[in-house]
Structure formats: structure tokens, C-alpha cells
Amino acid sequence: SGWGWSLLSLYFLQGSVRAVYESTNRAIFSDFFPGQSEGAFANCMLQSSLGFATCFFLQNSLSAEQLSGIIVGLALSTSLGYTAASSLKQVDSRGK
């Protein structure tokens with residue numbers, strides 16, 4: 001009975017966050033690669049799979065604190081990468 005609400009809350013939060021991540025992530029890839037949805041979603045899946053595989057293989061050689069630091073650093077750099085990609089796309093669309 002001690003795990004009941006905690007476990008239910010964990011599943012609810014994980015499902016909600018994953019739904020937001022999946023829909024937003026795919027929409028951004030779709031926006032950046034119009035007319036090339038197959039390639040865009042394949043690229044999205046490749047990046048996700050490489051990230052999970054890297055964490056899986058590094059978990060035996062790095063501590064949990066080191067792995068979580070890497071994950072937080074990469075998560076924070078996402079906004080910088082998105083801003084740079086948006087700027088490049090804007091410059092590219094002006095040149096056409």
C-alpha cells in the first residue's frame with residue numbers, strides 16, 4: 001500500500017512527459033525537414049537510439065553522478081542547438 005500512489009504518480013508523470021517529448025520532438029523534426037518526413041523521423045530515431053545505447057554502454061565505466069551530469073549538460077545544450085538550427089534555417093530560407 002505504500003507504493004500505490006507513488007507508483008501511480010510515477011507512471012502518470014512518465015507518460016505525460018513522454019507524450020510531450022514525442023509530439024514536440026517529432027513536430028520540430030517535421031518542421032525542419034519539410035517534404036522529407038521519412039528521413040526526418042529516421043534521423044530522430046537514430047539520434048534517440050544512439051543516446052540510449054551510449055548510456056547503456058557507459059553505465060559500467062562511469063558513475064551515476066557522471067552519467068547524470070552528462071545527461072543534464074546535453075539537455076541544457078538542446079536549447080542552444082535549437083537556436084542555432086533555427087538561425088541557420090532562417091538564413092537559408094532568405095537565400096532562396
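Further up the page is the structure itself.
Now for a description of the structure that goes with this document. (Residues numbered from 1 in each chain as written. Predicted model: local features only at pLDDT ≥ 70, side-chain atom pairs only at ≥ 80, totals over all residues. Heavy atoms only, no water.)

1. Some thoughts on helix H3 (residues 64–95)
Note the threshold: Each helix corresponds to a stretch of at least 4 residues labelled H or I by DSSP, and each strand to a stretch of at least 2 residues labelled E; elements are numbered beginning at the N terminus. Each residue after the first adds 1.5 Å to the expected span of a helix. Two axes enter the bend calculation: one fitted to the seven residues ending at the residue in question, the other to the seven starting there, and the bend is the angle between them.
Taking 1.5 Å of rise per residue, the 32 residues of H3 would be expected to cover 46 Å, and the 46 Å separating its terminal C-alpha atoms lies within 8% of that figure. The largest bend in H3 is about 30°, located at Thr-78.

2. Let's talk about the side chain of Asn-25
Counted only if it meets this: The classification of residues rests on relative accessible area computed with a 1.4 Å probe and restricted to protein chains. Under 20% of the type maximum is buried, over 50% is exposed, and intermediate values are partly exposed. In what follows, residue pairs with any heavy atoms lying within 4.5 Å of each other are defined as contacts.
Tracing the backbone through its elements, the reader meets Asn-25 in helix H1 (residues 4–32). For Asn-25, a relative accessible area of 16% translates into the label buried. Beyond its immediate stretch of four places on either side in the chain, Asn-25 contacts Val-20 and Cys-44.

3. Overview of the packing of H1 against helix H2 (residues 37–58)
Which entries qualify depends on this criterion: All axes here are fitted lines through C-alpha atoms, helices being fitted over the stretch that makes contact, and every angle between N-to-C directions spans 0 to 180 degrees. We call two directions roughly parallel when the angle between them is under 35 degrees, roughly antiparallel when it is over 145, roughly perpendicular when it lies between 65 and 115, and oblique otherwise. We call a crossing left-handed when the near helix sits turned anticlockwise from the far one by less than a right angle, and right-handed when that turn is clockwise. Residues are sorted three ways: Asp, Glu, Lys and Arg are charged, Ala, Val, Leu, Ile, Met, Phe, Trp, Tyr, Cys and Pro are nonpolar, and all the rest, Gly among them, are polar.
Packing of H1 against H2 brings their axes to within 9 Å, and their N-to-C directions diverge by 130°. Taken together, the axes of H1 and H2 are oblique relative to one another. Between H1 and H2 lies a crossing of right-handed hand. In this structure, H1 contributes Tyr-21, Asn-25, Arg-26, Phe-29 and Ser-30 to the contact, and H2 contributes Ala-40, Phe-41, Asn-43, Cys-44, Met-45, Gln-47 and Ser-48. Across the contact of H1 with H2, the residue classes break down as six nonpolar, five polar and one charged.

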